[in-house]
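# Per-entry structural report
Chain residues, written in single-letter form:
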Amino acid sequence: MHNDEVLKSEPEQPDLVHKSRRDFLILATSAVGVVGTAGFVWPLVKSMNPAADVLALASIEIDLKPIQEGQAITVMWRGRPLFIRHRTAQEIQEAKNVNLNDLVDPQLDVDRFKQYPQWLVVVGVCTHLGCVPSGQKPSDNRGQYGGWYCPCHGSVYDISGRVRGGPAPRNLEVPPYTFLNETTLKVG
Ligand code: FES
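The rules behind the values
Residues numbered from 1 in each chain as written. Predicted model: local features only at pLDDT ≥ 70, side-chain atom pairs only at ≥ 80, totals over all residues. Heavy atoms only, no water. Helix = DSSP H or I, 4+ residues; strand = E, 2+ residues; numbered from the N terminus. Buried < 20%, exposed > 50% of the residue type's maximum accessible area, 1.4 Å probe, protein only. Contact = heavy atoms within 4.5 Å. Pairing = 2+ DSSP bridges. Core = buried A, V, L, I, M, F, W, Y, C linked by side-chain atoms within 4.5 Å. Polar contact = N/O pair within 3.5 Å; in protein donor to acceptor, adjacent residues only side chain to side chain. Disulfide = S-S within 2.5 Å. Axes fitted to C-alpha atoms, helices over the stretch in contact; angles between N-to-C directions.

So, on to the overall build of the protein chain. Per the secondary structure count, the protein chain includes four helices and 10 strands. Its helices and strands taken in sequence order, the protein chain reads α-α-β-α-β-β-β-α-β-β-β-β-β-β from the N to the C terminus. Buried positions account for 46% of the 188 residues belonging to the protein chain. Of the contacts formed within the protein chain by residues at least 6 apart in sequence, a portion of 57% connects residues at least 24 apart.

Attention now moves to the pairing of strand 4 (residues 80–86). Counting buried positions over the seven residues of strand 4 gives six, a clear majority of the element. As judged from the six bridges shared by strand 3 (residues 72–77) and strand 4, these two strands associate in the antiparallel manner. From the neighbouring strand, Ile73 faces strand 4, where its bridge partner is Ile84. Hairpin connection between strand 3 and strand 4: a loop of two residues separates the two successive antiparallel strands, and Arg78 in this loop has a positive phi of roughly 50°. Summarising the sheet, strand 4 and strand 5 (residues 119–123) pair through five bridges and their orientation is antiparallel. If you follow Ile84 over to strand 5, its bridge partner there is Val121.

Residues Ile62, Leu64, Val75, Ile84, Tyr177, Leu185 and Val187 are the most contacted members of the largest nonpolar core, which totals 18 residues. Within the residue set of this core, elements represented by two or more residues are strand 2 (60–63), strand 3, strand 4, strand 5, strand 9 (177–181) and strand 10 (184–187). Among all residues touching Leu64, those that are not within four sequence positions of it are Ile84, Trp119, Phe179, Thr183 and Leu185. Counting residues in each nonpolar core, the second largest holds 11 residues, with Tyr157, Val163, Ala168 and Leu172 among its members.

By the secondary structure assignment, Ser155 is in the loop between strand 6 (146–149) and strand 7 (156–158). A polar side-chain atom of Ser155 sits 2.9 Å from the main-chain amide nitrogen of Ala168. Not counting residues within four places of it along the chain, the set of residues in contact with Ser155 comprises Cys126, His128, Trp148, Tyr149, Cys150, Gly165, Gly166, Pro167 and Ala168.

Quick look at the state of the cysteines now. Throughout the structure, instances matching the rule amount to one disulfide. Paired by a disulfide, Cys131 and Cys152 hold their sulfur atoms 1.9 Å apart. With the S-S dihedral at roughly -95°, the linkage between Cys131 and Cys152 falls on the left-handed side. Taken as a pair, Cys131 in the loop between strand 5 and strand 6 and Cys152 in the loop between strand 6 and strand 7 lie far apart in primary sequence, 21 residues in all. Judged by its relative accessible area of 21%, Cys131 falls in the partly exposed class.

By definition, the strands of a sheet pair up through backbone hydrogen bonds, in either a parallel or an antiparallel sense. The strand order across the open sheet formed by three strands is 6-7-8, and the pairing between neighbours is antiparallel. Both edges of this open sheet fall to strand 6 and strand 8 (163–165), since each of them pairs with a single strand only. Sheet twist, expressed as the average angle between the axes of neighbouring strands with direction ignored, equals 40°. Summarising the sheet, strand 6 and strand 7 pair through three bridges and their orientation is antiparallel. Residue pairing for strand 7: Gly146 is matched across the bridge by Asp158.

Worth remembering: the numbers are spatial, not functional.
This is the structure we're talking about:
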């Protein structure tokens, strides 16, 4: 989807949000930059461009309140997409139940989030060769583990961002972040 298509779709956002809790959320005004200029939320990131790189900041604050359970947003941070997913109770349980022996890059789910298991924050860059995996929208191909699927060479990530198949050698990176309060995230 081109950027203008994204912009055209923004007026429909409130309807989408109310129609389905699992609809993808566009939060053009929810991120607030804390280093000099505005933060930048970029929904449906398919590619990165110089403008996004210029706008990416050392650290950003993100208001999580509008993100309903089951929804995800993509935020540009330091020129890379960040995936922020509000996981459901079932997804959290599934992530917790995974046997470490089944993992390419063994890591407990509890080591993949901070404070609140419902919030998973990962860098949306495949650890194979750097493509942006799909899975931010419920209608996207999320692979067999319900997380993300990389269309470039077929790597599959689970709902904890752990690689479960394909050539990717490592789990999706967890960026440095803290919670300023229960619903405000600071990344970087
Ligand atoms: S870049 Fe994702 S599988 Fe190759």
